Amino acid sequence: MTLRKYLVLAGVAVFGAAGDSMLAHGMKQVGRISIHHLQEVVLAVLNPWVAGGILLLLAFFAAYMSALSWADLTYVLPATSMGYVVLALMARFVLHEHISPLRWTGIILISAGVGFVAGGPTLTTHTHDRPETFEDLEAEEEPEEVGVGEVER
Amino acid sequence: MKHLLTWSSITILVFFSVLGDIVLSRAMKQVGDVHELWDRAGLWSVVRRMLGNANFVIGIVAMTGGFFAMLFALSWADVSLVAPAAASLTFLGNAVAAKIFLKEKVDRRRWIAAALVAAGVALIAG
């Protein structure tokens, strides 16, 4: 794991959590969408909070795809769930909201889960279809180890 | 009616999320390490490889379906129900699906992590 990879995982967590909160806030303003007027769900993107949430979720998506290119899905998901903890701590210390004992328990459980997966390998699959090198792009370049199939710690 | 619509949209949301995560994870393994690729051949090459991957396109369609299912669910129920319910179920669904379809080695450590995070997410927003 390099610093850049840690930053990518942090980006997945922060952009995802912030984007979801903005979407939720926006949809409260838009109001309920009737099953008979499903087209309203498309118009909802015109709400500035929903639009801002979508921009953040695009940033989340770029970071998420990057992480999935070098780590297992079952590694990336728990590792980036720290976003929920960040959101709760922000609610407590920035917005001064009350956090119930139940929510503190949730924060501890998520942190424990992240600790469990963080100590293990990032990639466990031996994907035969994964490119060993990118020799089709730069044949003349000295091929480097991409670390395929090798367990990284 | 409210409960039926809420839980139907959460179920559809979880299905699309798991499907999207699985095919996107497979797509990105086929694309290769994007940091490495970016350093060697530039951003454009990364984008071209991703857009040319069929799994990536299927994943985008699934994620888009999930996104609209989430907007629909949020319009009927509080985020404090939708977000934790969908996230917890997606965590567990992904752990099972990654083991079956991606052949990831979901060992005891990862099962415990998935269960702890799923329970924690359910509590934190519940």
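All values reported here derive from a predicted model rather than from experimental measurement.

Student: Just to check I follow, could you spell out the packing of helix 3 (residues 48-68) of chain A against helix 1 (residues 2-31) of chain B for this structure?
Tutor: When two helices pack together, their arrangement is given by the angle between the helix axes and by the axis-to-axis distance. Look at helix 3 of chain A against helix 1 of chain B: their axes get within 8 Å of each other, and the N-to-C directions meet at 60 degrees. Comparing their axes, helix 1 of chain B and helix 3 of chain A come out oblique. Crossing of helix 3 of chain A over helix 1 of chain B shows right-handed handedness. Contacts between helix 3 of chain A and helix 1 of chain B involve Phe61(A), Tyr64(A), Met65(A) and Leu68(A) from the first element and Asp21(B), Leu24(B), Ser25(B), Met28(B) and Lys29(B) from the second. Across the contact of helix 3 of chain A with helix 1 of chain B, the residue classes tally to six nonpolar, one polar and two charged.

Student: Help me understand a nonpolar patch on the surface in this model?
Tutor: Residue and element names in this part refer to chain A. On the surface, a nonpolar cluster with roughly 650 Å² of combined accessible area is contributed by Val-86, Leu-89, Met-90, Phe-93, Val-94, Leu-95 and Trp-104. Looking at the nonpolar patch element by element, the count peaks at four residues for helix 5 (residues 82-93). By relative accessible area, Phe-93 is classed as exposed at 54%.

Student: Explain the packing of helix 1 of chain B against helix 4 (residues 54-76) of chain B here, please?
Tutor: Residue and element names in this part refer to chain B. In contact at an axis separation of 7 Å, helix 1 and helix 4 are set at 155 degrees when each is read in the N-to-C sense. It follows from the interaxial angle that helix 1 and helix 4 lie roughly antiparallel. Once helix 1 is placed against helix 4, the crossing between them reads as left-handed. Residues of the contact of helix 1 with helix 4, tallied by class, amount to 19 nonpolar, eight polar and three charged.

Student: Just to check I follow, could you spell out the environment of Leu77(A) for this structure?
Tutor: Here Leu77(A) is to be found in helix 4 (residues 73-79). With relative accessibility at 16%, the residue Leu77(A) sits in the buried group. Along the backbone, Leu77(A) and Gly113(A) are 36 residues apart, and their C-alpha atoms lie at a distance of 11 Å. Ignoring anything within four residues of it in the chain, the contact list for Leu77(A) reads Tyr64(A), Asp21(B), Phe91(B) and Asn94(B).

Student: Would you mind showing me how to read the nonpolar core here?
Tutor: In a soluble, globular protein the nonpolar side chains are often hidden away together inside. The biggest cluster of nonpolar side chains holds 67 residues, and the ones touching the most others in it are Tyr64(A), Met65(A), Leu68(A), Leu73(A), Met28(B) and Phe56(B). Looking at this core element by element, the count peaks at 10 residues for helix 1 of chain B. Not counting the four nearest positions on each side in its chain, Met65(A) is found in contact with Leu24(B), Met28(B), Met50(B) and Phe56(B).

Student: Help me understand the packing of aromatic side chains in this model?
Tutor: Scanning all chains against the criterion turns up four aromatic pairs over all chains. Seen from their ring centres, Phe61(A) and Phe56(B) are 6.1 Å apart, and the 50 degrees between their planes marks the pair as tilted. Placement of Phe61(A) in helix 3 and of Phe56(B) in helix 4 is noted, with the two residues assigned to different chains. Among the residues examined, Phe61(A) registers a relative accessible area of 19% and is labelled buried. Phe56(B) gets classed as buried once you look at its relative accessible area, which sits at 5%.

Student: I tried to follow the interface of chain A and chain B on my own but got confused; where do I start?
Tutor: Tallying the contact residues gives 70 residues for chain A and 57 residues for chain B. Our count for the chain A to chain B interface comes out at two salt bridges. Between Asp39(B) and Arg4(A) there is a salt bridge, and its shortest N-O distance comes to 3.2 Å. In this structure, the connection of chain A to chain B is made through 13 residue pairs in polar contact (both at pLDDT 80 or more). Those elements that provide at least two residues to the side of chain A that touches chain B are helix 1 (3-30), helix 2 (40-43), helix 3, helix 4, helix 5 and helix 6 (101-118) of chain A. Considering each element in turn, the side of chain A that touches chain B owes the most residues, 12 residues, to helix 6 of chain A.

Student: Would you mind showing me how to read helix 1 of chain B here?
Tutor: In an α-helix, one turn spans 3.6 residues, which is why side chains three or four residues apart end up on the same side. Taking 1.5 Å per residue, 30 residues should reach 44 Å; helix 1 of chain B reaches 42 Å between its end C-alpha atoms and fits that length. Where helix 1 of chain B ends, the next residue or the one after it, Gly32(B), has phi of about 100 degrees, a positive value.

Student: Before we go on, may I ask you to explain the confidence of the model for chain B in this structure?
Tutor: One rule of thumb: low pLDDT means the predicted coordinates there are not for detailed reading. Per-residue pLDDT for chain B averages 88, and the proportion of residues at 70 or more is 98%. Considering each helix and strand of chain B separately, the mean pLDDT is smallest for helix 5 (residues 79-101) of chain B, with a value of 86, and largest for helix 1 of chain B, with 92.

Definitions and cut-offs
Residues numbered from 1 in each chain as written. Chains lettered and ligands numbered in written order. Predicted model: local features only at pLDDT ≥ 70, side-chain atom pairs only at ≥ 80, totals over all residues. Heavy atoms only, no water. Axes fitted to C-alpha atoms, helices over the stretch in contact; angles between N-to-C directions. Helix = DSSP H or I, 4+ residues; strand = E, 2+ residues; numbered from the N terminus. Parallel < 35°, antiparallel > 145°, perpendicular 65-115°, else oblique. Left-handed = near helix turned anticlockwise from the far one by under 90°. Contact = heavy atoms within 4.5 Å. Nonpolar A, V, L, I, M, F, W, Y, C, P; charged D, E, K, R; others polar. Patch = residues over 30% accessible without salt bridge, like charges linked within 9 Å, V, L, I, M, F, W, Y side chains within 5 Å. Areas by Shrake-Rupley, 256 points an atom, 1.4 Å probe, with all protein chains shown as cover. Salt bridge = Lys/Arg side-chain N within 4 Å of Asp/Glu carboxyl O. Buried < 20%, exposed > 50% of the residue type's maximum accessible area, 1.4 Å probe, protein only. Core = buried A, V, L, I, M, F, W, Y, C linked by side-chain atoms within 4.5 Å. Phe/Tyr/Trp six-rings, centres within 6.5 Å; stacked < 30°, edge-to-face > 60°. Polar contact = N/O pair within 3.5 Å; in protein donor to acceptor, adjacent residues only side chain to side chain. Expected span 1.5 Å × (residues − 1). pLDDT = per-residue confidence, 0-100.

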